[in-house]
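In case you want the letters, here they are:
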Amino acid sequence: MAGVIPTPMPRRSIAGPAAYRAWPAVLALAALGCGEATAPAADAADTGSTPEVVVAQLTGRGTDLGTLGGAASFAHDVNDQGVVVGVSQTAAGLSRAFRWTASTGMAELGTLPGDLQSTAVRILNSGKILGTSTSATGVVTPVIWTAAGEIVPLAIPRGPGLDGALPVDFNDKGDVVGRGVDDEGVGHGWYWSEATGRIDLRAEIPSCSENEASAINARGDVAGTYCRADIGWLHAFVWRFGRGYRDLGIVGDDVPNANVSGLAITDAGIVAGWIDPHGNTAPVGYLWTAGRGFTLLPNLPGGVSFGHAQGVNGRGVAVGASFDPGANAFLPVAWPSPSAIVRLDGGTPHPGVALAVNDRGAVVGWHRVNGSPRAMLWQLEPNQTASVATVAAAAARARRAVPVTPVTGAESCLGDRAVLRSKAALFRCAVERM
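Residues numbered from 1 in each chain as written. Predicted model: local features only at pLDDT ≥ 70, side-chain atom pairs only at ≥ 80, totals over all residues. Heavy atoms only, no water.

Overview of the sheet that holds strand E29 (residues 362-369)
Line of reasoning, step 1. Spatially, E3-E30-E29-E28 is the arrangement adopted by the 4 strands of the open sheet, whose pairing is antiparallel. A single partner strand is all that each edge strand has here, and the edge strands are strand E3 (63-64) and strand E28 (352-357).
Line of reasoning, step 2. For E29 and strand E30 (residues 372-379), the ladder comprises 8 bridges, and the chain directions are antiparallel. Bridge pairing links His367 to Arg374 in E30. (Pairing = 2+ DSSP bridges. Helix = DSSP H or I, 4+ residues; strand = E, 2+ residues; numbered from the N terminus.)

What follows is the structure, encoded as structure tokens:
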């Protein structure tokens with residue numbers, strides 16, 4: 001299966017789509033203590049340079065979680081109890097939210113009364129699940145499934161001039177974040193709680209175009225991506241209600257030539273995403289903390305460097321995708337440490353991506369099996385990187401471009417930087433192109 005290396009990003013920010021078209025009911029996937037000031041913080045960096053990069057192969061091929069009767073399924077999240085949520089096609093071609101456990105397998109979560117389709121995007125350790133329910137006419141309602149399985153609608157308004165109030169993450173406090181799209185096709189991140197109502201993050205963070213919210217942690221810190229108004233490049237941010245935002249900056253002093261996307265955040269404030277360190281080169285995954293700044297994550301070796309981190313757990317283990325020149329495809333990977341990368345495809349290249357990892361090393365996402373994307377569960381072991389060959393870091397980070405053949409499947413989204421600005425955009429792209 002061929003992969004995609006996109007053309008270089010323009011020096012201005014990524015424009016939003018001309019119009020927002022949500023695949024029915026499959027809408028959005030899916031921070032650290034912010035400073036009091038709202039001005040961008042000074043740049044800090046750890047370039048992550050190491051003499052060697054350890055490349056490991058996961059033992060086994062993971063667990064295919066199956067479907068609800070259709071061909072395709074996508075796993076979005078997993079909690080520390082190992083419960084997986086996502087969306088699957090049914091035999092009738094509808095999309096329905098699912099909950100999966102090792103004992104029960106994949107079970108449908110259902111919809112609001114009278115609705116046709118649904119999706120689940122996030123599960124907490126308490127068992128609450130965030131998602132959407134969609135009517136036959138395309139009206140999308142944010143919902144929560146309780147631990148007992150009851151579905152409850154959330155009264156989140158769409159907002160003037162915005163199409164959609166699509167949730168991407170939430171916490172036990174009841175804070176919810178998500179996205180909408182305006183009449184110009186530009187993304188607006190938003191925050192909602194019962195106390196505050198819906199807050200448009202473009203009003204909180206000066207943005208020249210895109211503003212995307214991708215994650216929120218237990219204390220209400222929101223991680224996302226915005227177009228920094230003064231320079232026109234994408235930067236990652238962390239924002240909290242009442243405390244303003246922090247621009248995470250870039251690596252080193254190459255200002256302003258870098259694009260940065262914030263996609264995940266832990267309760268301790270570790271942010272994960274991708275960075276194009278010098279602009280128009282080759283994105284790499286990163287971890288960021290307030291004290292250390294950026295630590296860059298290695299890509300798979302072999303001549304092409306392109307990768308992105310989509311999730312991170314409380315232990316600092318990151319997951320995402322990296323381009324493998326040998327397979328000519330993006331493969332699901334994990335980074336158990338900043339100097340190690342683990343292939344999750346079981347030795348047989350299956351294009352796909354890992355989206356979330358719990359504190360016990362369970363990883364979920366999807367890869368292509370027999371022509372269709374399938375929800376997957378992989379398990380990292382404590383000694384996952386032991387007794388493996390090492391390769392030169394220079395090879396792992398090489399930036400030489402090679403000709404590739406574009407594909408039209410869901411995996412083609414994994415090399416599209418216009419899509420990788422948020423988890424919501426990635427998932428929407430994947431289901432539209434599956």
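A few points about the nonpolar core
Line of reasoning, step 1. Among the nonpolar cores identified, the biggest contains 22 residues, and Phe74, Phe330, Val353, Trp366, Leu414 and Leu426 are the most heavily contacted of them.
Line of reasoning, step 2. Those elements giving two or more residues to this core turn out to be strand E25 (318-324), E28 and helix H3 (423-433).
Line of reasoning, step 3. Ranked by the residues each element gives to this core, the list is headed by H3, at 5 residues.
Line of reasoning, step 4. Not counting chain neighbours up to four residues away, the residues in contact with Val353 comprise His308, Gln310, Gly320, Ala321, Pro332, Gly365, Trp366, Trp378 and Leu414. (Core = buried A, V, L, I, M, F, W, Y, C linked by side-chain atoms within 4.5 Å. Buried < 20%, exposed > 50% of the residue type's maximum accessible area, 1.4 Å probe, protein only. Contact = heavy atoms within 4.5 Å.)

Regarding the sheet that holds strand E5 (residues 84-90)
Line of reasoning, step 1. The sheet built from 4 strands is open, its strands ordered E4-E5-E6-E7 with antiparallel pairing. Unpaired on one side and paired on the other, strand E4 (69-78) and strand E7 (105-108) mark the two borders of the sheet. Ignoring which end each strand starts from, the neighbouring axes of this sheet average 35° apart.
Line of reasoning, step 2. By the bridge criterion, 4 bridges tie strand E6 (residues 95-101) to E7 in an arrangement that is antiparallel. Following the sheet pairing, Trp100 is matched in E7 by Met106. (Axes fitted to C-alpha atoms, helices over the stretch in contact; angles between N-to-C directions.)

Focus on the state of the cysteines
Line of reasoning, step 1. Enumeration according to the criterion identifies 2 disulfides in this entry.
Line of reasoning, step 2. Bridging Cys208 to Cys227, the disulfide has an S-S length of 1.6 Å. Of this pair, Cys208 sits in strand E16 (residues 207-216) while Cys227 sits in strand E17 (residues 222-228); the two residues are 19 residues apart in sequence, bridging distant segments of the chain.
Line of reasoning, step 3. With a sulfur-sulfur separation of 2.1 Å, Cys413 is cross-linked through a disulfide to Cys429. With the S-S dihedral at roughly -85°, the linkage between Cys413 and Cys429 falls on the left-handed side. Placement of Cys413 in the loop between helix H2 (393-396) and H3 and of Cys429 in helix H3 is noted, with a sequence separation of 16 residues between them.
Line of reasoning, step 4. Judged by its relative accessible area of 0%, Cys413 falls in the buried class.
Line of reasoning, step 5. Judged by its relative accessible area of 5%, Cys429 is buried.
Line of reasoning, step 6. Bonded cysteines in the protein are paired 1-2, 3-4 when counted in the order they occur along the chain. (Disulfide = S-S within 2.5 Å.)

Structural notes on the side chain of Asp221
Line of reasoning, step 1. The residue Asp221 is located in the loop between E16 and E17 in this model.
Line of reasoning, step 2. Of the polar contacts made by the side chain of Asp221, one reaches the side chain of Arg219; its length is 2.6 Å.
Line of reasoning, step 3. In this structure the side chain of Asp221 is engaged in a polar contact, spanning 2.5 Å, whose partner is the side chain of Arg240. (Polar contact = N/O pair within 3.5 Å; in protein donor to acceptor, adjacent residues only side chain to side chain.)

A few points about H3
Line of reasoning, step 1. The buried fraction of H3 is high, at 9 of 11 residues.
Line of reasoning, step 2. For H3, every residue scored as buried is listed here: Lys423, Ala424, Ala425, Leu426, Phe427, Arg428, Cys429, Ala430 and Val431.

Examining unusual backbone geometry
Line of reasoning, step 1. The backbone of Asn328 sits at a positive phi, close to 55°, despite the residue not being glycine.
Line of reasoning, step 2. If you trace the backbone, Asn328 turns up in the loop between E25 and strand E26 (329-337).
Line of reasoning, step 3. Look at Asn370: it is not a glycine, yet its phi comes out positive at around 50°.
Line of reasoning, step 4. Here Asn370 shows up in the loop between E29 and E30.
Line of reasoning, step 5. Judged by relative accessible area, Asn370 falls into the exposed class, the value being 80%.

Digging into the pattern of salt bridges
Line of reasoning, step 1. Counted under the stated rule, the structure contains 16 salt bridges.
Line of reasoning, step 2. Here Glu212 makes a salt bridge to Arg421, at a shortest N to O gap of 3.1 Å. Placement of the pair is Glu212 in strand E16 and Arg421 in the loop between H2 and H3, with a sequence separation of 209 residues. Neither Glu212 nor Arg421 differs from the other in exposure class; each is buried.
Line of reasoning, step 3. Between Arg219 and Asp221 there is a salt bridge, and its shortest N-O distance comes to 2.6 Å.
Line of reasoning, step 4. Arg219 sits in the partly exposed class, given a relative accessible area of 35%. (Salt bridge = Lys/Arg side-chain N within 4 Å of Asp/Glu carboxyl O.)

Re the packing of aromatic side chains
Line of reasoning, step 1. This structure, assessed with the given rule, holds 8 aromatic pairs.
Line of reasoning, step 2. For the pair Phe306 and Phe330, a centre-to-centre distance of 5.1 Å together with 85° between the ring planes defines the contact as edge-to-face. On the criterion of sequence distance, the pair formed by Phe306 in the loop between strand E23 (293-296) and strand E24 (307-312) and Phe330 in strand E26 is long-range, its members being 24 residues apart.
Line of reasoning, step 3. The rings of Tyr191, Trp239 and Phe241 are connected pair by pair, giving a single aromatic cluster. (Phe/Tyr/Trp six-rings, centres within 6.5 Å; stacked < 30°, edge-to-face > 60°.)

Here we look at the environment of Leu420
Line of reasoning, step 1. With respect to the secondary-structure elements, Leu420 resides in the loop between H2 and H3.
Line of reasoning, step 2. Residue Leu420 is classed as buried on the basis of its relative accessible area, which comes to 1%.
Line of reasoning, step 3. A sequence separation of 110 residues divides Leu420 from Gln310, and the C-alpha atoms of the two residues are 9.3 Å apart.
Line of reasoning, step 4. In this structure, Leu420 is in contact with Ser261, Leu263, Trp274, Phe306, His308, Gln310, Cys413, Leu414 and Leu426, ignoring residues within four places of it in sequence.

Observations regarding the environment of Leu344
Line of reasoning, step 1. Here Leu344 lies in the loop between strand E27 (340-343) and E28.
Line of reasoning, step 2. Accessibility expressed as a relative area gives 0% for Leu344, which makes it buried.
Line of reasoning, step 3. Linking Leu344 and Trp378, residues 34 residues apart in sequence, is a C-alpha distance of 7.0 Å.

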